[in-house]
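# Inside the fold
Read off the chains here:
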Amino acid sequence: MDKLVLLFFGCLVVFAQALDCPVCYNRYDYTSCTGVQTCHQSHDVCELTVHLKDFNSVEYICHSRVACYHHELTHFHHCEPTHMEKCTFCCHGVTECELQREELFGQYLTTTAAPVEQTTTTEEPTTTTTPTTTTTTPTTTTTTPTTTTTTPTTTTTTPTTTTTTPTTTTTTTTTTTTTTTTTPVPPNICIQCNVSEPCDAYTVQVTPPKLCDQQQPYCFTSIVQNQVEKDIYKGCADEDFCRLKWWEQTSTKPICLVIDYTGLDLDCTFCCTGVGCNLPVKPYDVTLVQFV
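Calculation criteria
- Residues numbered from 1 in each chain as written.
- Predicted model: local features only at pLDDT ≥ 70, side-chain atom pairs only at ≥ 80, totals over all residues.
- Heavy atoms only, no water.
- Pairing = 2+ DSSP bridges.
- Helix = DSSP H or I, 4+ residues; strand = E, 2+ residues; numbered from the N terminus.
- Axes fitted to C-alpha atoms, helices over the stretch in contact; angles between N-to-C directions.
- Phe/Tyr/Trp six-rings, centres within 6.5 Å; stacked < 30°, edge-to-face > 60°.
- Buried < 20%, exposed > 50% of the residue type's maximum accessible area, 1.4 Å probe, protein only.
- Disulfide = S-S within 2.5 Å.
- Core = buried A, V, L, I, M, F, W, Y, C linked by side-chain atoms within 4.5 Å.
- Contact = heavy atoms within 4.5 Å.
- Polar contact = N/O pair within 3.5 Å; in protein donor to acceptor, adjacent residues only side chain to side chain.

The next point concerns the sheet that holds strand E3 (residues 45–51). Sheets are built from strands paired through backbone hydrogen bonds, the pairs being either parallel or antiparallel. Pairing is antiparallel across the open sheet formed by 3 strands, whose spatial order is E4-E3-E5. In the strand order of this sheet, the two ends are held by strand E4 (57–63) and strand E5 (86–91), each with one partner. On average, each strand axis in the sheet is inclined to that of its neighbour by 25°, with strand direction left out of account. Strand direction decides the pairing type here: E3 and E5, joined by 6 bridges, are antiparallel. In the strand pairing of E5, Val-50 is matched with Cys-87.

Below, the discussion takes up the packing of aromatic side chains. A complete count under the given rule lists 6 aromatic pairs for this structure. For the pair Trp-246 and Phe-270, a centre-to-centre distance of 5.8 Å together with 40° between the ring planes defines the contact as tilted. A residue pair is termed long-range when its members are at least 10 positions apart, and Trp-246 in helix H5 (residues 239–248) and Phe-270 in strand E10 (residues 266–272) qualify at 24 residues. Accessibility expressed as a relative area gives 3% for Trp-246, which makes it buried. Taking the relative accessible area as the measure of exposure, Phe-270 reaches 0% and is therefore buried. An aromatic cluster is present here, built from Tyr-218, Trp-246, Trp-247, Phe-270 and Phe-291 joined pairwise through their rings.

Summed over the entire model, instances satisfying the criterion amount to 11 disulfides. One disulfide in the model links Cys-21 with Cys-46; its S-S distance is 2.0 Å. In this structure, the disulfide formed by Cys-21 and Cys-46 twists by about -90° around the S-S bond and is classed as left-handed. Remark: Cys-46 occurs in strand E3 and Cys-21 occurs in strand E1 (residues 20–23); sequence separation between them is 25 residues. Residue classification places Cys-21 among the buried residues on the basis of a relative accessible area of 0%. Through a disulfide, Cys-256 is tied to Cys-268; the S-S separation comes to 1.9 Å. Across the S-S bond of Cys-256 and Cys-268 the torsion is about -80°, and the bridge reads as left-handed. Here Cys-256 is found in the loop between H5 and E10, whereas its partner Cys-268 is found in strand E10, with 12 residues between them in sequence. Neither residue differs from the other here; Cys-256 and Cys-268 are each classed as buried.

What follows deals with the nonpolar core. If you look at the biggest cluster of nonpolar residues, it comprises 20 residues, and the most contacted ones within it are Cys-46, Leu-48, Val-50, Val-58, Tyr-60 and Phe-89. Those elements that place two or more of their residues in this core are E3, E4, E5 and helix H3 (94–108). For Cys-46, the residues in contact, after removing those within four places along its chain, are Leu-19, Asp-20, Cys-21, Pro-22, Tyr-60, Ile-61, Cys-68, Phe-89, Cys-90, Cys-91, Gly-93 and Cys-97. Core analysis: the next-biggest nonpolar cluster, separate from the first, contains 17 residues, Ile-232, Ala-237, Cys-256 and Cys-268 among them.

Next up on the list: the side chain of Lys-234. Positionally, Lys-234 belongs in strand E9 (residues 230–237). On the basis of relative accessibility, which here comes to 4%, the residue Lys-234 falls in the buried class. At a separation of 3.0 Å, a polar atom in the side chain of Lys-234 contacts the main-chain carbonyl oxygen of Leu-279. Excluding anything up to four places from it in sequence, Lys-234 contacts Ile-191, Gln-192, Cys-193, Cys-199, Val-204, Phe-220, Thr-221, Asn-278, Leu-279, Pro-280 and Val-281.

Further remarks concern the sheet that holds E10. Here we have 3 strands laid out as an open sheet, ordered E9-E8-E10, and antiparallel in their pairing. In this open sheet, the two edge strands, each paired with only one partner strand, are E9 and E10. Strand-to-strand, the axes of this sheet are offset by a mean angle of 15°, without reference to chain direction. Across the sheet, H5 lies against strand E8 (218–225), E9 and E10, angled at about 140° from E10, the strand it touches most.

Attention now goes to unusual backbone geometry. Of note in the backbone geometry, Phe-55 takes a positive phi value of approximately 60° without being a glycine. With respect to the helices, strands and loops of the structure, Phe-55 is situated in the loop between E3 and E4. Taking the relative accessible area as the measure of exposure, Phe-55 reaches 42% and is therefore partly exposed. Positive phi outside glycine occurs at Asn-56, with the angle close to 60°. By the element assignment, Asn-56 lies in the loop between E3 and E4.

Another point: the environment of Cys-97. Topologically, Cys-97 is positioned in helix H3. You can call Cys-97 buried: its relative accessible area is 0%. Placed 76 residues apart in sequence, Cys-97 and Cys-21 show a C-alpha to C-alpha distance of 7.8 Å. Here Cys-97 is in contact with Pro-22, Cys-46, Tyr-60, Cys-91 and His-92, once residues within four sequence places are set aside.

Here it is, written out as C-alpha coordinates:
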(Lines give C-alpha, C1' and ligand atoms only; values in the text may rest on other atoms or scores of the structure.)
Protein backbone atom coordinates (compact mmCIF):
# COMPACT_ATOMS: atom_id res chain seq x y z
CA MET A 1 0.00 0.00 0.00
CA ASP A 2 2.86 2.39 0.86
CA LYS A 3 4.43 1.75 -2.55
CA LEU A 4 1.16 2.59 -4.30
CA VAL A 5 0.85 5.85 -2.37
CA LEU A 6 4.43 6.82 -3.26
CA LEU A 7 3.81 5.97 -6.91
CA PHE A 8 0.63 8.04 -6.93
CA PHE A 9 2.41 11.11 -5.49
CA GLY A 10 5.26 10.51 -7.92
CA CYS A 11 2.76 10.74 -10.77
CA LEU A 12 1.41 13.99 -9.36
CA VAL A 13 4.94 15.42 -9.43
CA VAL A 14 5.25 14.45 -13.09
CA PHE A 15 2.02 16.30 -13.88
CA ALA A 16 3.38 19.41 -12.13
CA GLN A 17 6.47 19.57 -14.34
CA ALA A 18 6.52 21.81 -17.40
CA LEU A 19 5.27 20.06 -20.53
CA ASP A 20 7.21 19.97 -23.81
CA CYS A 21 5.27 19.95 -27.10
CA PRO A 22 6.50 19.54 -30.70
CA VAL A 23 7.16 22.39 -33.16
CA CYS A 24 6.77 21.78 -36.93
CA TYR A 25 9.27 23.60 -39.17
CA ASN A 26 7.28 22.77 -42.33
CA ARG A 27 3.53 22.63 -41.73
CA TYR A 28 3.05 20.55 -44.89
CA ASP A 29 5.49 17.83 -43.75
CA TYR A 30 4.56 16.01 -40.54
CA THR A 31 8.08 14.52 -40.29
CA SER A 32 9.48 18.06 -39.78
CA CYS A 33 7.87 18.35 -36.31
CA THR A 34 11.19 17.86 -34.52
CA GLY A 35 11.35 21.16 -32.64
CA VAL A 36 10.37 21.55 -28.98
CA GLN A 37 8.36 24.25 -27.19
CA THR A 38 8.03 24.37 -23.39
CA CYS A 39 4.45 25.05 -22.29
CA HIS A 40 3.23 27.33 -19.50
CA GLN A 41 2.26 25.53 -16.29
CA SER A 42 -1.42 26.22 -16.97
CA HIS A 43 -1.18 24.06 -20.11
CA ASP A 44 -0.96 20.30 -19.54
CA VAL A 45 -1.50 18.78 -23.00
CA CYS A 46 -0.33 19.23 -26.61
CA GLU A 47 -3.06 19.89 -29.19
CA LEU A 48 -2.44 18.84 -32.81
CA THR A 49 -4.63 20.38 -35.51
CA VAL A 50 -4.67 18.83 -38.99
CA HIS A 51 -6.08 21.25 -41.58
CA LEU A 52 -7.72 18.89 -44.06
CA LYS A 53 -8.60 21.63 -46.56
CA ASP A 54 -4.99 22.89 -46.58
CA PHE A 55 -3.31 19.72 -47.85
CA ASN A 56 -3.33 18.14 -44.34
CA SER A 57 -1.05 20.83 -42.91
CA VAL A 58 -0.19 20.35 -39.23
CA GLU A 59 0.38 22.64 -36.24
CA TYR A 60 0.87 22.15 -32.46
CA ILE A 61 -0.17 24.42 -29.60
CA CYS A 62 -0.01 24.04 -25.82
CA HIS A 63 -3.51 23.74 -24.36
CA SER A 64 -5.50 22.74 -21.29
CA ARG A 65 -6.50 19.10 -21.06
CA VAL A 66 -10.25 19.73 -20.72
CA ALA A 67 -10.42 22.03 -23.76
CA CYS A 68 -8.29 19.78 -25.96
CA TYR A 69 -10.18 16.60 -25.05
CA HIS A 70 -13.44 18.40 -25.80
CA HIS A 71 -12.13 19.27 -29.29
CA GLU A 72 -10.87 15.73 -29.81
CA LEU A 73 -14.14 14.10 -28.76
CA THR A 74 -15.98 16.49 -31.07
CA HIS A 75 -13.78 15.94 -34.12
CA PHE A 76 -11.84 12.67 -33.98
CA HIS A 77 -14.54 9.99 -34.08
CA HIS A 78 -16.39 11.89 -36.80
CA CYS A 79 -13.31 13.03 -38.72
CA GLU A 80 -14.11 12.84 -42.43
CA PRO A 81 -11.07 13.86 -44.54
CA THR A 82 -13.26 14.57 -47.58
CA HIS A 83 -15.90 16.67 -45.79
CA MET A 84 -14.37 18.44 -42.78
CA GLU A 85 -11.97 21.38 -42.65
CA LYS A 86 -9.87 20.19 -39.70
CA CYS A 87 -9.43 17.47 -37.08
CA THR A 88 -8.00 17.83 -33.56
CA PHE A 89 -5.96 15.32 -31.54
CA CYS A 90 -4.42 15.46 -28.03
CA CYS A 91 -1.14 14.00 -26.79
CA HIS A 92 1.11 14.37 -23.74
CA GLY A 93 4.78 15.07 -24.46
CA VAL A 94 7.07 14.93 -27.51
CA THR A 95 7.41 11.11 -27.64
CA GLU A 96 3.68 10.37 -27.36
CA CYS A 97 2.92 13.05 -29.98
CA GLU A 98 5.42 11.50 -32.39
CA LEU A 99 3.84 8.04 -32.05
CA GLN A 100 0.41 9.59 -32.56
CA ARG A 101 1.54 11.35 -35.79
CA GLU A 102 3.03 8.17 -37.22
CA GLU A 103 -0.25 6.32 -36.60
CA LEU A 104 -2.45 9.08 -38.00
CA PHE A 105 -0.49 9.65 -41.21
CA GLY A 106 0.38 5.96 -41.59
CA GLN A 107 -3.25 4.75 -41.49
CA TYR A 108 -5.84 7.52 -41.76
CA LEU A 109 -4.35 10.48 -43.64
CA THR A 110 -2.58 9.93 -46.95
CA THR A 111 -0.38 12.98 -47.54
CA THR A 112 0.71 16.33 -46.15
CA ALA A 113 2.52 17.51 -49.27
CA ALA A 114 1.41 20.84 -50.77
CA PRO A 115 1.46 21.00 -54.59
CA VAL A 116 4.67 22.30 -56.11
CA GLU A 117 4.71 24.03 -59.48
CA GLN A 118 7.31 22.63 -61.84
CA THR A 119 8.85 24.56 -64.74
CA THR A 120 10.22 22.61 -67.67
CA THR A 121 13.04 24.21 -69.72
CA THR A 122 13.91 22.82 -73.14
CA GLU A 123 17.39 23.51 -74.46
CA GLU A 124 18.18 23.32 -78.15
CA PRO A 125 20.94 20.80 -78.83
CA THR A 126 24.25 22.20 -80.10
CA THR A 127 26.18 20.15 -82.66
CA THR A 128 29.93 20.64 -83.12
CA THR A 129 31.63 19.07 -86.15
CA THR A 130 35.35 18.35 -85.91
CA PRO A 131 37.22 17.68 -89.20
CA THR A 132 38.89 14.29 -89.31
CA THR A 133 42.38 13.80 -90.79
CA THR A 134 43.38 10.30 -91.95
CA THR A 135 47.08 9.39 -92.05
CA THR A 136 48.23 6.22 -93.85
CA THR A 137 51.46 4.59 -92.65
CA PRO A 138 53.12 1.98 -94.93
CA THR A 139 53.51 -1.48 -93.30
CA THR A 140 56.63 -3.63 -93.73
CA THR A 141 56.27 -7.43 -93.29
CA THR A 142 59.30 -9.57 -92.36
CA THR A 143 59.15 -13.40 -92.62
CA THR A 144 61.38 -15.46 -90.29
CA PRO A 145 61.91 -19.20 -91.02
CA THR A 146 60.65 -21.54 -88.23
CA THR A 147 62.54 -24.67 -87.04
CA THR A 148 60.56 -27.46 -85.26
CA THR A 149 62.36 -29.84 -82.80
CA THR A 150 60.62 -33.01 -81.49
CA THR A 151 61.67 -34.31 -78.04
CA PRO A 152 60.71 -37.92 -77.09
CA THR A 153 58.49 -38.24 -73.94
CA THR A 154 58.95 -40.98 -71.31
CA THR A 155 55.91 -41.99 -69.14
CA THR A 156 56.45 -43.69 -65.75
CA THR A 157 53.50 -45.38 -63.97
CA THR A 158 53.60 -45.69 -60.15
CA PRO A 159 51.23 -48.20 -58.48
CA THR A 160 48.79 -46.62 -55.96
CA THR A 161 48.00 -48.21 -52.57
CA THR A 162 44.69 -47.27 -50.87
CA THR A 163 44.35 -47.60 -47.07
CA THR A 164 40.89 -47.41 -45.41
CA THR A 165 40.76 -46.13 -41.82
CA PRO A 166 37.54 -46.92 -39.83
CA THR A 167 35.72 -43.83 -38.50
CA THR A 168 33.91 -43.77 -35.14
CA THR A 169 31.01 -41.27 -34.78
CA THR A 170 29.89 -40.15 -31.31
CA THR A 171 26.44 -38.48 -30.94
CA THR A 172 25.82 -36.25 -27.92
CA THR A 173 22.21 -35.42 -26.95
CA THR A 174 21.65 -32.01 -25.31
CA THR A 175 18.43 -31.26 -23.42
CA THR A 176 17.42 -27.57 -23.19
CA THR A 177 14.95 -26.44 -20.55
CA THR A 178 13.14 -23.14 -21.20
CA THR A 179 11.72 -21.24 -18.26
CA THR A 180 9.06 -18.59 -18.94
CA THR A 181 8.91 -15.69 -16.48
CA THR A 182 5.90 -13.38 -16.43
CA THR A 183 6.83 -9.77 -15.67
CA PRO A 184 4.20 -7.96 -13.59
CA VAL A 185 2.60 -4.99 -15.39
CA PRO A 186 2.97 -1.72 -13.44
CA PRO A 187 -0.38 -0.08 -12.67
CA ASN A 188 -1.47 2.61 -15.15
CA ILE A 189 -3.20 5.96 -14.64
CA CYS A 190 -6.65 5.66 -16.23
CA ILE A 191 -9.95 7.46 -16.71
CA GLN A 192 -12.32 5.78 -14.22
CA CYS A 193 -16.12 6.01 -14.06
CA ASN A 194 -18.58 4.19 -11.82
CA VAL A 195 -18.14 0.56 -12.97
CA SER A 196 -21.86 -0.20 -12.54
CA GLU A 197 -23.08 2.76 -14.62
CA PRO A 198 -22.15 4.18 -18.03
CA CYS A 199 -19.90 7.26 -18.18
CA ASP A 200 -21.38 10.60 -19.19
CA ALA A 201 -19.53 12.96 -21.57
CA TYR A 202 -19.11 15.72 -18.99
CA THR A 203 -17.57 13.40 -16.38
CA VAL A 204 -15.07 12.02 -18.90
CA GLN A 205 -13.94 15.54 -19.85
CA VAL A 206 -13.47 16.97 -16.35
CA THR A 207 -12.33 13.90 -14.38
CA PRO A 208 -8.51 13.52 -14.20
CA PRO A 209 -7.08 10.02 -14.65
CA LYS A 210 -6.43 8.05 -11.47
CA LEU A 211 -3.86 5.40 -10.51
CA CYS A 212 -5.09 1.79 -10.77
CA ASP A 213 -4.10 -0.88 -8.25
CA GLN A 214 -1.64 -3.73 -8.86
CA GLN A 215 -4.44 -6.31 -9.30
CA GLN A 216 -6.02 -4.29 -12.13
CA PRO A 217 -3.10 -2.59 -13.90
CA TYR A 218 -4.66 -2.06 -17.36
CA CYS A 219 -6.95 0.74 -18.57
CA PHE A 220 -10.11 -0.29 -20.43
CA THR A 221 -12.95 1.36 -22.32
CA SER A 222 -16.11 -0.43 -23.53
CA ILE A 223 -18.81 0.73 -25.93
CA VAL A 224 -22.22 -0.94 -26.25
CA GLN A 225 -24.27 0.69 -29.00
CA ASN A 226 -27.42 0.09 -31.03
CA GLN A 227 -29.77 2.23 -33.12
CA VAL A 228 -31.39 3.67 -29.97
CA GLU A 229 -28.64 4.29 -27.40
CA LYS A 230 -24.90 4.21 -26.73
CA ASP A 231 -23.31 3.30 -23.37
CA ILE A 232 -19.60 3.78 -22.62
CA TYR A 233 -17.71 2.31 -19.64
CA LYS A 234 -14.17 3.19 -18.49
CA GLY A 235 -11.92 2.00 -15.68
CA CYS A 236 -9.16 -0.44 -14.60
CA ALA A 237 -9.01 -4.15 -15.49
CA ASP A 238 -6.94 -7.27 -14.82
CA GLU A 239 -5.20 -9.47 -17.41
CA ASP A 240 -7.94 -12.14 -17.53
CA PHE A 241 -10.57 -9.51 -18.36
CA CYS A 242 -8.39 -7.94 -21.08
CA ARG A 243 -7.43 -11.25 -22.66
CA LEU A 244 -11.08 -12.29 -22.96
CA LYS A 245 -12.95 -9.06 -23.72
CA TRP A 246 -10.26 -7.22 -25.76
CA TRP A 247 -7.82 -9.75 -27.21
CA GLU A 248 -10.21 -12.66 -27.98
CA GLN A 249 -13.59 -10.99 -28.49
CA THR A 250 -12.77 -7.48 -29.85
CA SER A 251 -9.40 -7.45 -31.64
CA THR A 252 -10.75 -10.07 -34.09
CA LYS A 253 -13.85 -8.00 -35.00
CA PRO A 254 -13.28 -5.64 -37.96
CA ILE A 255 -16.38 -3.61 -36.98
CA CYS A 256 -14.68 -2.67 -33.68
CA LEU A 257 -11.47 -1.43 -35.34
CA VAL A 258 -12.99 1.33 -37.51
CA ILE A 259 -12.77 5.03 -36.63
CA ASP A 260 -16.42 6.12 -36.89
CA TYR A 261 -19.08 4.05 -35.07
CA THR A 262 -22.04 6.15 -36.24
CA GLY A 263 -25.10 3.99 -37.00
CA LEU A 264 -23.43 0.68 -36.05
CA ASP A 265 -24.68 -2.03 -33.66
CA LEU A 266 -21.68 -3.25 -31.66
CA ASP A 267 -20.23 -4.37 -28.32
CA CYS A 268 -16.47 -3.71 -28.13
CA THR A 269 -13.91 -3.52 -25.30
CA PHE A 270 -10.35 -2.15 -25.57
CA CYS A 271 -7.44 -2.46 -23.10
CA CYS A 272 -4.49 -0.06 -23.22
CA THR A 273 -1.51 1.30 -21.27
CA GLY A 274 -0.41 4.91 -20.79
CA VAL A 275 -1.59 7.97 -18.90
CA GLY A 276 -5.27 8.53 -19.77
CA CYS A 277 -5.01 6.15 -22.77
CA ASN A 278 -8.67 5.11 -22.38
CA LEU A 279 -10.03 8.62 -22.83
CA PRO A 280 -11.05 8.11 -26.51
CA VAL A 281 -13.86 5.66 -27.25
CA LYS A 282 -11.28 3.64 -29.21
CA PRO A 283 -7.75 4.13 -27.80
CA TYR A 284 -4.91 4.87 -30.22
CA ASP A 285 -3.42 1.72 -31.74
CA VAL A 286 0.04 2.40 -30.28
CA THR A 287 -1.41 2.18 -26.73
CA LEU A 288 -3.45 -1.03 -27.16
CA VAL A 289 -2.26 -4.09 -25.19
CA GLN A 290 -0.68 -6.88 -27.28
CA PHE A 291 -0.86 -10.40 -25.81
CA VAL A 292 1.16 -13.37 -27.11
